[in-house]
Amino acid sequence: MQPLSVLDFLAEHPRSVLVEVTEARGSTPRDAGAFMLVSPTAVSGTIGGGQLEYMAIDNARALLRDNGLPEMDIPLGPEIGQCCGGRTRLTFAAMTPALADNLRHRLEGERQTLPHITMFGAGHVGRALVQALSPLPFKLIVVETRAEELRSLPAGTDSRLTALPEAEVERMPAGSAALILTHDHALDFLIARAALARSDLGYVGMIGSATKRATFAHWLKREGEDDSLISSLTLPIGGNVVRDKRPEVIAALVAAELLTVYATRQAMRSERPVSHP
């Protein structure tokens, strides 16, 4: 069973407390901004687990009984049975309609900044990738030519049915990723050519092998394209270290690959010097 989303949790548990990390000093399990929701009978999200989280849940439920603290400053050391060594400040706020609206707006704002992943193909590996990527900080769109494959995806999956999936490449936001794993190699090549022709995508990956990569390189040359485009293509997706062709394993490897790509891009942006006029 999939865990409830924050909004589903609020609908089912309107009497709850928002617990948020407002300050994290030193080594801590979660950074400032992490939050969880606590009701008398359930919890959604996490602020790091362990004794820290048990203490937070106990205090949140005490707050619902009108005797909890609005703030806690917790040292993550031997005194609470944890060895992180840092310190975490938590705030507690009983849920109100206004707070629920603020939380919804906050989540929507965060969602708008997520990296976009456009996945072409919803076969066995595609379905496994939907399961692997859906809980992660990505905005996923699935493009297919086969309606029956889209019907097999989990409810709520953002999808597009089209006879010309390669045309969807133009709609991808700058910085987004193209995952190419259709049922047809020729279609894969058309989509990849369109994606590689853009210089502003963050990642272009295709399922396959070294043989497929060589075939695609020859195809580009035959089509009169610059075969150096292939240098920007990740093929095979998921790397070569783990040689396991089960869809779920491939999906896990690709998810890790995408997380690494976008974490690296974010780190590079953070380190970039600010220019002053």
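Residues numbered from 1 in each chain as written. Predicted model: local features only at pLDDT ≥ 70, side-chain atom pairs only at ≥ 80, totals over all residues. Heavy atoms only, no water.

A.B. asks: Looking at this model, I keep getting lost on the environment of Phe92. Mind explaining?
C.D. replies: Residue placement: Phe92 occurs in strand β5 (residues 87-94). On the basis of relative accessible area, Phe92 is assigned to the buried category, the value being 7%. Residues Phe92 and Leu37, spaced 55 residues apart in sequence, show a C-alpha to C-alpha distance of 9.6 Å. Leaving out residues up to four positions away in the same chain, Phe92 has contacts with Val17, Leu18, Val19, Ala56, Asn59, Ala60, Leu63, Leu69, Pro70, Glu71 and Met72. (Helix = DSSP H or I, 4+ residues; strand = E, 2+ residues; numbered from the N terminus. Buried < 20%, exposed > 50% of the residue type's maximum accessible area, 1.4 Å probe, protein only. Contact = heavy atoms within 4.5 Å.)

A.B. asks: It is not clear to me how the sheet that holds strand β2 (residues 35-38) should be interpreted in this structure. Could you clarify?
C.D. replies: The pairing of strands in a sheet happens through backbone hydrogen bonds and is either parallel or antiparallel. With antiparallel pairing, the five strands of this open sheet are ordered in space as β3-β2-β1-β5-β4. Bordering the open sheet on either side are β3 (43-45) and β4 (71-75), each of which pairs with just one other strand. Averaged over all neighbouring strand pairs, the angle between strand axes comes to 20°, with direction disregarded. For β4 and β5, the ladder comprises five bridges, and the chain directions are antiparallel. Bridge pairing links Ile74 to Thr88 in β5. Here helix α2 (residues 50-64) sits on the sheet in contact with β1 (17-25), β2, β3, β4 and β5, set at roughly 25° to β5. Packing against the sheet, helix α3 (residues 97-112) makes contact with β1, β2 and β5, and its axis sits at approximately 145° to β2. (Pairing = 2+ DSSP bridges. Axes fitted to C-alpha atoms, helices over the stretch in contact; angles between N-to-C directions.)

A.B. asks: Mind showing me how you'd approach the packing of aromatic side chains here?
C.D. replies: The relative placement of two aromatic rings is captured by the distance of their centres and the angle of their planes. Inspection of the entire model under this criterion finds four aromatic pairs. Between Phe189 and Phe216, the aromatic rings sit 5.0 Å apart at their centres with planes inclined by 40°, giving tilted as the arrangement. In this pair, Phe189 sits in helix α6 (residues 185-196) while Phe216 sits in helix α7 (residues 210-222), placing the two residues 27 residues apart along the sequence. Overall, Phe216 belongs to the buried group, its relative accessible area being 0%. The interplanar angle of 20° and the centroid separation of 5.9 Å between the aromatic rings of Phe216 and Trp219 together place this pair among those described as stacked. Highlighted residues: Phe216 and Trp219, both in helix α7, separated by three residues, approximately one helical turn. Across the pair, Trp219 and Phe216 agree in class, each one buried. (Phe/Tyr/Trp six-rings, centres within 6.5 Å; stacked < 30°, edge-to-face > 60°.)

A.B. asks: Teacher, can you tell me more about the sheet that holds strand β7 (residues 139-144) here?
C.D. replies: In space, the five strands of this open sheet follow the order β8-β7-β6-β9-β10, with parallel pairing throughout. Only two strands of the sheet have a single partner each, and these edge strands are β8 (159-161) and β10 (203-206). Geometrically, the sheet is characterised by an average inter-axis angle of 15° between neighbouring strands, direction not taken into account. Two strands pair when backbone bridges link them, and strand β9 (residues 177-180) and β10 are joined in this way by four bridges, in the parallel orientation. Its bridge partner being in β10, Leu179 is matched across the sheet by Gly205. Packed on one face of the sheet, α6 meets β6 (116-120), β9 and β10 and runs near 165° to β10.

A.B. asks: So what exactly am I meant to see when it comes to the pattern of salt bridges here?
C.D. replies: Pairing between side chains of opposite charge can happen when the charged atoms of each approach one another. Evaluation of the coordinates by the stated rule reveals 20 salt bridges. Salt-bridge contacts for Arg193 lead to Glu223; the nearest nitrogen and oxygen are separated by 3.5 Å. Of this pair, Arg193 sits in helix α6 while Glu223 sits in the loop between α7 and α8 (247-271); the two residues are 30 residues apart in sequence, bridging distant segments of the chain. Residue classification places Glu223 among the partly exposed positions, given a relative accessible area of 39%. With a shortest N-O distance of 2.5 Å, Arg246 and Asp244 are connected by a salt bridge. Within the structure, one salt-bridge network assembled from shared partners comprises Glu23, Arg25, Glu71, Asp73, Arg87 and Arg89. (Salt bridge = Lys/Arg side-chain N within 4 Å of Asp/Glu carboxyl O.)

A.B. asks: Which parts of the structure should I look at to understand the pairing of β5?
C.D. replies: Residues in a regular strand project their side chains so that they alternate between the two faces of the sheet. In terms of strand pairing, β1 meets β5 through eight bridges, oriented antiparallel. Considered in β5, the bridge of Val17 is made with Ala94.

A.B. asks: What is the right way to read the nonpolar core from this model?
C.D. replies: For soluble globular proteins, the rule of thumb is that nonpolar side chains tend to be buried together. Counting residues in each nonpolar core, the largest one holds 24 residues, and the members touching the most others are Ile117, Met119, Leu129, Leu133, Val142, Leu179 and Leu258. Of all elements in the fold, only β6, α4 (124-133), β7, β9 and α8 reach the threshold of two or more residues within this core. Ranked by residue count, the leading element in this core is α8, at six residues. Not counting residues up to four positions away in its chain, the partners in contact with Leu179 are Ile117, Thr118, Met119, Phe120, Leu129, Leu133, Tyr203, Gly205, Ile237, Val254 and Leu258. Judged by nonpolar contacts, the second largest core, of 22 residues, contains Ala192, Val204, Met206 and Trp219. (Core = buried A, V, L, I, M, F, W, Y, C linked by side-chain atoms within 4.5 Å.)

Function cannot be read off these values alone, since they describe shape.
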